[in-house]
Amino acid sequence: MVLSVAVQMDPIQSINIAGDSTFAMMLEAQARGHRLFYYQTKTLALESGALFATGHDIAVRDESGNHFTLAAERRADLGGCDVVLMRQDPPFDMGYITATHMLEAIHPRTLVVNDPAEVRNAPEKLFVLNYRQFMPETIITRDAAELAAFRRAHGDIILKPLYGNGGAGVFRLGESDQNFSALLELFTQTFREPFIAQRYLPDVRRGDKRIILVDGKAAGAINRVPAVNENRSNMHVGGRAEPTTLTRREQEICEALGPDLKARGLIFVGIDVIGDCLTEINVTSPTGIREVKRFGGADIASLIWDAIEARR
C-alpha cells in the first residue's frame, strides 16, 4: 500500500534533523514507499470546499546539511492525498486555529494526523485540566489579585503564557520575588488570554519526563534535565536528554489518558510529567521520538505509521 502523504510543517531548511520528530516520520514514510509532499501553512487555500497547498514533492535523507531534495513547486489538492501530517509548531494562535478549520474540509476522507478538530479542542495547558487528579495545584486567570492570592497560598510558583510553547515566557516566582507585579504588567500588556500558574515542583531538578503515546498506548519516554541555573528543561534552552523508564504512577497516568486520546483521533501525543504530576498534554507537534530511539527505545516513527496505515 503506497500512500500519498502531505506534510504541513515549518521550513524544512531550518530544522535540526538530529532531534526533529517530523523528519523522523518523513524518513519512515519514505522507507515504506510512501510519496511525500511538503508545504508550509501559509500556502493553504480553501476554495469552493476544496483545500489546496503550494509546495514540493520531496525526498529526505538522514544527512545533516544535505537532508532534502525538492522537486519543482506545484499546487496540490490536499483532498486527493491519503494522509496529511499537521506538524507546524505553535504558537497556538488564530492562525493555527484557522488551519485546523481548513483541514477539517478534507478530514477524515483524507486522514489528518492529528485530527484537526480535536487538536483545536485540546490546547496543551487546558486539555490537561481534564485530568486534575494527576496535576499540581493550578490556576488559569489574568486577574492580578487571583494570581497574588495563589502565590501566597503556594509560595513558589511557575507563571507562563497559556498558549506558549518551547519554554518561552516561563518564569519561576518565589514568595518574596519583587518582580511579581512588574511581570504581571508585562504579561497583561503582551497577552490577551489568561495566564497559567502552577505550584513549583522541586522535582523538576531531577527532570521533566516526556512520555510519548501512540494511538493511546505509551510508546517510550525521555527525561529532560534542566541546565544549571535554568528552570526550563526544554532541550533548545539547554536541557539534557537522558534515557528513562516509566514509574507505576506514570503508567497509571498513561492508562487514564490513553482511551480518551485514541477516541479523539490523537494518534501522536506527548505528555509531560514532573515527579508524580502531569503538567501538559502536547497534541500539536510533539517531539522526542528520535531521542527515544537513540537511547535504545522503540522506533516510534514506525509505530506511528503502523497506526496510520491501519486507518487507511
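Above: the structure in question.
None of these values were measured; they are calculated from a predicted model.

A. How the structure looks around the packing of helix 1 (residues 21-31) against helix 9 (residues 300-310). Running from N to C, helix 1 and helix 9 cross one another at 65°; their axes reach a closest spacing of 9 Å. The crossing of helix 1 and helix 9 is right-handed. Here helix 1 contributes Ala24, Met25, Glu28 and Ala29 to the contact with helix 9, which in turn contributes Ala301, Ser302, Ile304 and Trp305. Classifying every residue of the contact of helix 1 with helix 9 gives six nonpolar, one polar and one charged.

B. Focus on the pattern of salt bridges. Summed over all chains, the structure comprises 23 salt bridges. Among the ionic pairs, Arg199 bridges to Glu137, the shortest N-O distance being 2.4 Å. Remark: Glu137 occurs in the loop between helix 4 (124-127) and strand 8 (138-141) and Arg199 occurs in strand 11 (residues 195-199); sequence separation between them is 62 residues. With a relative accessible area of 35%, Glu137 lands in the partly exposed category. Two residues, Arg311 and Asp215, come together in a salt bridge whose shortest N-O distance is 2.7 Å. Remark: Asp215 occurs in the loop between strand 12 (208-214) and strand 13 (217-225) and Arg311 occurs in the segment after helix 9; sequence separation between them is 96 residues.

C. Here's a closer look at the nonpolar core. Ranked by size, the top nonpolar core spans 40 residues in total, and within it Tyr39, Leu78, Ile271, Leu278 and Ile281 carry the most contacts. It is helix 2 (residues 94-104) that provides the largest number of residues to this core, a total of five residues. Setting aside residues up to four positions removed in sequence, Ile281 forms contacts with Glu124, Phe127, Val128, Tyr131, Leu257, Val269, Gly270 and Ile271. By size, the runner-up hydrophobic cluster in this structure holds 35 residues, among which are Ile12, Tyr38, Ile222 and Trp305.

Conventions adopted
Residues numbered from 1 in each chain as written. Predicted model: local features only at pLDDT ≥ 70, side-chain atom pairs only at ≥ 80, totals over all residues. Heavy atoms only, no water. Axes fitted to C-alpha atoms, helices over the stretch in contact; angles between N-to-C directions. Helix = DSSP H or I, 4+ residues; strand = E, 2+ residues; numbered from the N terminus. Left-handed = near helix turned anticlockwise from the far one by under 90°. Contact = heavy atoms within 4.5 Å. Nonpolar A, V, L, I, M, F, W, Y, C, P; charged D, E, K, R; others polar. Salt bridge = Lys/Arg side-chain N within 4 Å of Asp/Glu carboxyl O. Buried < 20%, exposed > 50% of the residue type's maximum accessible area, 1.4 Å probe, protein only. Core = buried A, V, L, I, M, F, W, Y, C linked by side-chain atoms within 4.5 Å.

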